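# Examination of the molecular architecture
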Amino acid sequence: MIGTTILLIILMGLFAHLYKNAYKRHDNFPPGPPSLPIYGAYWLVLLKGLNNLPTAFIKYAKEYNTKVVGFYLSNIPSVVVNDPALIKEVLNREEFDGRMDLIMGRLRSFWKKLGIFFTDGYFWHVQRRFTLRHMRDYGFGKREDTLESTVAQEIKEMIDMSINGPKYPAEKELVNGDLIHLPHYFAVPFINGVIHIVTRSTVPRSEYHKLWDVARGALLFQRSSNDLGAALSLTPCLKDIMPKYSGYQDLRDGNQALLDFFTKLVRDAIDTFNEDYDRHFLDIYI
């Protein structure tokens, strides 16, 4: 009897503690869903929209009658802005330029903080400014004749593939009579356009299968997580405990397809580099 009473007291105390923590928030923190143990409000957000997190936050914004939804991912205070004017303000203010150091970002860049998507501060500022400045010289973000003609030629090849049928074995996986496998079918003009900007070259039709492998890897990486980084970003140890079910294995495999392809482009540029003249963006970066 005494043991049962003690157990009930412990359970009541635990419940009271969890309830208090569920609604414990920082001062002036925006309204939003309560927090559950370990992952905070993450599972509640998934319940609102498992395969569509933006819809989930739109629902929460309506439920709490707010333009800014506040919630906790584990013990990390987080906010989602649900208003066009506020979104524009956030994107134009330097204090919101920070990036979290997540496993997904490290995985994509050799376990270092590299690039412009998952970095911040002075490093991000220099990399972004340099990249945009020099990639524009090769057609990025503006009208440029050689880039437009390159993309036009790639589109002609895709049209020919759909009208006259496949010429190479890999094409048969995407074009079967009137049936065309999407979205990979459209990957070639886009990826070859990017390659043209950074290397002033393209992958020929006989090797389109390499571009489709890159597209499949990118899609696998994207679908193995979500807008919040999934549970793996909150508990990175899952990559060792359950690599398959946490999404880590697919993230790694999808990312490796991109790394293998673009690493070869960079190595080729380094091996043939001549400091007397610049052939393309990679030469300038080197």
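Residues numbered from 1 in each chain as written. Predicted model: local features only at pLDDT ≥ 70, side-chain atom pairs only at ≥ 80, totals over all residues. Heavy atoms only, no water.

Taking an unreviewed UniProt entry as the reference, the protein chain is identified by name as Cytochrome P450 304a1 belonging to Papilio xuthus. As recorded by UniProt, the Cofactor (unreviewed entry) comment attached to the protein chain reads in full: "heme". (UniProt positions renumbered as here; feature names shortened; annotations may be inferred.)

Evaluation of the coordinates by the stated rule reveals 1 cavity of 30 Å³ or more. For the largest cavity, the calculated volume is near 30 Å³. Taken together, Met100, Asp101, Leu102, Gly105, Arg106, Lys112, Lys113 and Phe118 form the lining of the largest cavity. Residue composition of the lining of the largest cavity, grouped by class: 3 nonpolar, 1 polar and 4 charged. (1 Å grid on protein atoms, 1.4 Å probe; cavity = no way out; pocket = protein on both sides within 12 Å on 5 of 7 lines; lining within 4 Å. Points joined across faces, edges and corners; volume = space filled by probe spheres on them. Nonpolar A, V, L, I, M, F, W, Y, C, P; charged D, E, K, R; others polar.)

With that out of the way, let us pick up the nonpolar core. Judged by nonpolar contacts, the single largest core of 26 residues is most densely connected at Tyr42, Val45, Phe57, Phe71 and Leu228. Broken down by secondary-structure element, the contributors of at least two residues to this core are α2 (42-48), α3 (53-63), β1 (68-73), α5 (103-108), α10 (230-234) and α12 (248-271). Tallying contributions element by element places α3 first for this core, with 5 residues. If we skip the residues at most four places from it in the chain, phenylalanine 57 touches Val45, Val69, Phe71, Val80 and Leu228. (Core = buried A, V, L, I, M, F, W, Y, C linked by side-chain atoms within 4.5 Å. Buried < 20%, exposed > 50% of the residue type's maximum accessible area, 1.4 Å probe, protein only. Helix = DSSP H or I, 4+ residues; strand = E, 2+ residues; numbered from the N terminus. Contact = heavy atoms within 4.5 Å.)

Attention shifts here to the pairing of strand β2 (residues 76-81). In this structure, β1 lies alongside β2, joined through 6 bridges in antiparallel fashion. Its bridge partner being in β2, phenylalanine 71 is matched across the sheet by serine 78. Hairpin remark: β1 followed by β2, antiparallel, with 2 residues in the connecting loop; positive phi at serine 74, about 60°. (Pairing = 2+ DSSP bridges.)

Moving on: the side chain of threonine 199. Among the secondary structure elements, threonine 199 is positioned in helix α8 (residues 187-199). Of note is the side chain of threonine 199, whose polar atom sits 2.7 Å from the side chain of serine 201. (Polar contact = N/O pair within 3.5 Å; in protein donor to acceptor, adjacent residues only side chain to side chain.)

Next up on the list: unusual backbone geometry. Cis peptide bonds are those with omega within 30 degrees of zero, and the linkage from leucine 182 to proline 183 qualifies with 5°. Assignment of secondary structure puts proline 183 in the loop between β4 (179-180) and α8. Positive phi is not limited to glycine here, since asparagine 28 has a value of about 60°. Its location among the elements puts asparagine 28 in the loop between α1 (2-22) and α2. By relative accessible area, asparagine 28 is classed as exposed at 81%. A positive phi angle, near 65°, is found at tryptophan 111, a position not held by glycine. With respect to the element layout, tryptophan 111 can be found in the loop between α5 and α6 (121-135).

On to the environment of lysine 88. Within the fold, lysine 88 resides in helix α4 (residues 84-91). Residue class for lysine 88 comes out exposed when judged on its relative accessible area of 59%. Each C-alpha atom of the pair lysine 88 and tyrosine 64 lies 22 Å from the other, and the pair is 24 residues apart in sequence.

Mapped onto the elements, lysine 167 comes out in the loop between α7 (145-164) and β3 (175-176). By relative accessible area, lysine 167 is classed as exposed at 54%. Discounting residues that sit within four places of it in the chain, lysine 167 has contacts with Asp160 and Arg205.

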